Amino acid sequence: MAFNLKGRSLLSLQDFTNQEIGYLLELSKNLKDKKRAKIKGNALEGKNIALIFEKPSTRTRCAFSVGAKDEGGMPEYLGKNDIQLGKKETVADTARVLGRMYDGIEFRGFKHQTVEILAEYAGVPVWNGLTDQFHPTQILADLLTIEENFDKLEGINLVYVGDGRNNMANSLMLGSAIMGLNYTIVSPKELWPNKDLVQKAKGLTKDSKAEIKITDDPVKGVKGADAIYTDVWVSMGEEDKFTQRIEMLMPYQINMEMVKNTGNDDLIFLHCLPAYHNTDTINGQKIYKEHGVKEMEVTEEVFESKYSKVFDQAENRMHTIKAVMVATLGNQ
């Protein structure tokens, strides 16, 4: 069933219902099939799209750029030094200017309030490519990847291991609550998510019947997982916390022992990338010299194993982001 999402912004998955997210996932599959059949679309023909990046990115930038061009749109990258956003000009003023010139705006940056102000004042659809609080376009790709592997979302046991307060842990919790996945955060108590957000997520489970759990026990927490997920221990802007996070989170590293503790050989491993699975490959000799570790949140063995679906996830960023743009801005 198609839903009319024209003109809608995507700031958090809370903005959409279970049925609307389901529609976006179905549209993503259709667009993925079309892409693989080398069929060009025209749903975004004549649409100019601003891509605002306070934080650099590989997957988000490329997914929006390629996704827009595949459907005839014209994306334009605007880095933090390219425009006056929040410097000589207020976010609200920038939003009103860009809204007069562009048909849609993507924002990837720090404060969630920034993307909220953009959406309030731009007068065109605004899409959250990542903020400190939420990362909704990533979660859509994650949900599509899980569905492709298990042919369903409801009842799937998704376990997130690591920093339980970051934007990925938050967004996965909301996405799971809405779509009916049983979600467990496995994290040291110091890094548990905001209690208000947990209560909000639990409120969303009334319709989906999902379960939300939080534990600091990495052995019990992963038991029975269908999908196990992690993210970097130190987010952009937190580089001064490397030593503290390594000491705190090393017992939560996803390694083969943890994989075996799930008791599920059909398990899949997920990561939003980039990943510290081998610091030699990411110019990380400084990290190794200073902290004595070459692997952090996930080991090379797991990252390169049969369980790993991380590059399926990465590809699915493009298909799901394209679906969001087509659904909220497209000509059809």
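Quick caveat: nothing in here was measured; it's all calculated off a predicted structure.

About the criteria used
- Residues numbered from 1 in each chain as written.
- Predicted model: local features only at pLDDT ≥ 70, side-chain atom pairs only at ≥ 80, totals over all residues.
- Heavy atoms only, no water.
- Axes fitted to C-alpha atoms, helices over the stretch in contact; angles between N-to-C directions.
- Helix = DSSP H or I, 4+ residues; strand = E, 2+ residues; numbered from the N terminus.
- Parallel < 35°, antiparallel > 145°, perpendicular 65-115°, else oblique.
- Left-handed = near helix turned anticlockwise from the far one by under 90°.
- Contact = heavy atoms within 4.5 Å.
- Buried < 20%, exposed > 50% of the residue type's maximum accessible area, 1.4 Å probe, protein only.
- Pairing = 2+ DSSP bridges.
- Phe/Tyr/Trp six-rings, centres within 6.5 Å; stacked < 30°, edge-to-face > 60°.
- Lys NZ or Arg CZ within 6 Å of the ring centre and 35° of its normal.
- Expected span 1.5 Å × (residues − 1).
- Core = buried A, V, L, I, M, F, W, Y, C linked by side-chain atoms within 4.5 Å.

So, about the packing of helix 1 (residues 18-36) against helix 13 (residues 310-329). Where helix 1 meets helix 13, the axes come as close as 8 Å, and the angle between the chain directions of the two elements is 115°. Considering the angle they form, helix 1 stands roughly perpendicular to helix 13. As for how helix 1 packs across helix 13, the hand of that crossing is right-handed. On helix 13, the residues touching Y23, L24, L27, S28, L31, K32, K35 and R36 of helix 1 are E315, N316, M318, H319, T320, K322, A323, V324, V326 and A327.

With five of five residues buried, strand 4 (residues 126-130) lies mostly within the body of the structure. In terms of strand pairing, strand 3 (residues 104-108) meets strand 4 through four bridges, oriented parallel. Looking at the pairing, R108 lines up with L130 of strand 4.

As a further point, take the side chain of E20. Here E20 lies in helix 1. Look at E20 and you get buried, because its relative accessible area is 12%.

Inspection of the entire model under this criterion finds six aromatic pairs. Over the ring of F16 we find R8; its NZ or CZ atom is 4.5 Å from the centre of that ring. The residue whose ring lies beneath R61 is Y77, and the NZ or CZ to ring-centre distance is 3.6 Å.

Strand order in the open sheet formed by four strands is 2-1-3-4, and the pairing between neighbours is parallel. Because the sheet does not close on itself, it has two edges, and the strands there are strand 2 (74-79) and strand 4. On average, adjacent strands in this sheet sit at an angle of 20° to one another, irrespective of strand direction. Direction of pairing for strand 1 (residues 48-53) relative to strand 2: parallel, over a ladder of six bridges. Following the sheet pairing, L51 is matched in strand 2 by Y77.

Moving on: the sheet that holds strand 7 (residues 212-215). Strand pairing in a sheet relies on backbone hydrogen bonds. The paired strands run either parallel or antiparallel. What the five strands build is an open sheet, ordered 7-6-5-8-9; its pairing is parallel. The sheet is open, and its two edges are formed by strand 7 and strand 9 (268-271), each paired on a single side. Here the strands of the sheet are splayed against their neighbours by 20° on average, with no regard to which way each runs. Taken strand by strand, helix 6 (residues 167-179) contacts strand 5 (157-161), strand 6 (182-186), strand 7 and strand 8 (227-230), and its axis lies near 160° from that of strand 6.

This next bit is on unusual backbone geometry. Note that the residue after L273, namely P274, is joined by a cis bond; omega there is 0°. Mapped onto the secondary structure, P274 falls in the loop between strand 9 and helix 11 (285-291). The residue L130 is not glycine, and still its phi comes out positive at about 150°. Unlike most non-glycine residues, D151 shows phi in positive territory, near 60°. With respect to the helices and strands, D151 occurs in the loop between helix 5 (136-150) and strand 5.

Burial along strand 9 is two-sided: the face carrying I268 and L270 and the face carrying F269 and H271 are both buried. Summarising the sheet, strand 8 and strand 9 pair through four bridges and their orientation is parallel. Bridge pairing links T230 to H271 in strand 9.

Before going further, it helps to spend a moment on helix 1. An ideal rise of 1.5 Å per residue puts 27 Å on 19 residues; helix 1 measures up with 27 Å between its terminal C-alpha atoms. Of all the residues in helix 1, the buried ones are E20, I21, Y23, L24, L25, L27, S28, L31 and K32. Structurally, helix 1 contributes buried residues whose contacts are with helix 5, helix 6 and helix 13. At the C-terminal side of helix 1, K38 shows a positive phi close to 60°.

Our next topic: the environment of F53. Tracing the backbone shows F53 in strand 1. Overall, the relative accessible area of 1% leaves F53 in the buried class. Taking the C-alpha atoms as reference points, F53 and Y77, 24 residues apart in sequence, are found 7.5 Å from one another.

This brings us to the nonpolar core. Core analysis: the largest hydrophobic core is formed by 57 residues, its most contacted members being I21 and Y183. Here Y183 is in contact with L158, Y160, M168, A169, L172, M173, S176, E211, I212 and K213, once residues within four sequence places are set aside.

Turning our eyes to something else, we now look at the environment of E211. Here E211 shows up in the loop between helix 7 (195-208) and strand 7. Between the alpha carbons of E211 and N157 there is a distance of 9.1 Å; along the sequence they are 54 residues apart. Once you skip the residues sitting within four places of it in the chain, E211 turns out to touch L181, N182 and Y183.

The subject of this paragraph is the side chain of T60. Looking at where T60 falls in the secondary structure, it is placed in helix 2 (residues 59-70). T60 has contacts with F53, E106, R108, G129, H135 and R317, leaving out every residue within four places of it along the chain.

Keep in mind these values describe shape, not function.
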